[in-house]
Amino acid sequence: METIGKRIAEIRKQKGLTQEEVAESAKINLRTLQRIEKDETEPRGNSLKGICEALEINIEDLVDYGKTEDRTYLVYMHLSVMSSVFIPLGNIILPLILWLNKKDRIVSVSAQGKNIINFQIVWTVCFYILLFTFVFFKIMHLPFNSFLFVGLMVVVGIFNFLYPVYAAIRVSKGEVKNFWPAPIKFMK
């Protein structure tokens with residue numbers, strides 16, 4: 001993965017600008033720009049803003065630079081959802097821990113982690129509503145088809161157990177996207 005300094009140098013060269021021109025336009029010291037491009041330091045605050053204005057780019061264009069790419073971690077994050085078989089609410093807790101741990105260090109972890117957690121929260125709420133409805137009907141001795149409820153719960157459970165495997169396989173092949181449906185966005 002390319003660093004911010006190397007990316008700044010690459011863009012500067014593509015635009016045909018010298019370090020002196022960029023430093024003057026960005027209102028920073030030439031030596032500071034040289035250190036940034038050599039990755040001896042990272043641009044912060046006004047320096048970063050000034051460099052981006054001098055190069056006529058958005059700060060967001062440099063955001064992913066410096067992050068590493070680790071598909072294995074993404075695969076583990078997708079498969080961590082299956083922990084709900086052993087740990088109650090593990091399908092939310094373990095991906096949340098993995099997401100919080102590396103969201104700023106690994107490419108795509110932030111977006112995919114949010115997507116996984118959002119889906120798992122919605123899935124868990126729906127599953128427990130279905131479970132409590134089944135229990136309520138059973139306790140109240142109301143007429144209902146218990147095979148339909150149990151069958152629906154089994155199908156939904158199997159989906160949430162097998163879908164992470166599908167997503168993990170796609171991620172391991174390098175097709176990094178948000179594979180989980182995101183019906184409601186809880187996190188920004």
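Quick notes on the rules
- Residues numbered from 1 in each chain as written.
- Predicted model: local features only at pLDDT ≥ 70, side-chain atom pairs only at ≥ 80, totals over all residues.
- Heavy atoms only, no water.
- UniProt positions renumbered as here; feature names shortened; annotations may be inferred.
- Helix = DSSP H or I, 4+ residues; strand = E, 2+ residues; numbered from the N terminus.
- Buried < 20%, exposed > 50% of the residue type's maximum accessible area, 1.4 Å probe, protein only.
- Polar contact = N/O pair within 3.5 Å; in protein donor to acceptor, adjacent residues only side chain to side chain.
- Contact = heavy atoms within 4.5 Å.
- Axes fitted to C-alpha atoms, helices over the stretch in contact; angles between N-to-C directions.
- Parallel < 35°, antiparallel > 145°, perpendicular 65-115°, else oblique.
- Left-handed = near helix turned anticlockwise from the far one by under 90°.
- Nonpolar A, V, L, I, M, F, W, Y, C, P; charged D, E, K, R; others polar.
- Core = buried A, V, L, I, M, F, W, Y, C linked by side-chain atoms within 4.5 Å.

Under an unreviewed UniProt entry, the name given to the protein is Helix-turn-helix domain-containing protein, and the organism recorded is Flavobacterium rhizophilum. Here is the UniProt Subcellular location (unreviewed entry) comment for the protein, exactly as written: "Membrane".

Positive phi, normally seen in glycine, also occurs at Leu-89, with a value near 60°. Looking at where Leu-89 falls in the secondary structure, it is placed in the loop between α5 (71-79) and α6 (90-102). Positive phi outside glycine occurs at His-141, with the angle close to 55°.

In this fold, Thr-124 is placed in helix α7 (residues 109-139). Residue Thr-124 is classed as buried on the basis of its relative accessible area, which comes to 6%. Within the local environment of Thr-124, its side chain forms a polar contact with the side chain of Asn-91, the two groups lying 2.9 Å apart. Thr-124 has contacts with Leu-89, Asn-91 and Ile-92, leaving out every residue within four places of it along the chain.

Axis separation between α5 and α6 bottoms out at 8 Å; the angle between their running directions is 155°. In this view, α5 runs roughly antiparallel relative to α6, as classed from their interaxial angle. Here α5 and α6 pass one another in a crossing that is left-handed. Here Tyr-73, Tyr-76 and Met-77 of α5 come into contact with α6, specifically with Pro-95, Leu-98, Trp-99, Asn-101 and Lys-102. Each residue belonging to the contact of α5 with α6 can be placed in one class, and the counts come to six nonpolar, one polar and one charged.

Formed by 16 residues in total, the largest nonpolar core has its most connected members in Ile-8, Ile-28, Leu-33, Ile-51, Leu-55, Ile-57 and Leu-62. Looking at this core, the elements that each hand over two or more residues are α1 (4-14), α2 (19-26), α3 (30-37) and α4 (45-55). Ranked by residues supplied to this core, first place goes to α4 with five residues. With residues up to four places along the chain from it excluded, the contact list for Leu-62 reads Ile-4, Arg-7, Ile-8, Ile-11, Leu-48, Cys-52 and Ile-57. In this structure, Ile-106, Val-109, Ile-116 and Ala-168 belong to the second largest nonpolar core, which totals 13 residues.

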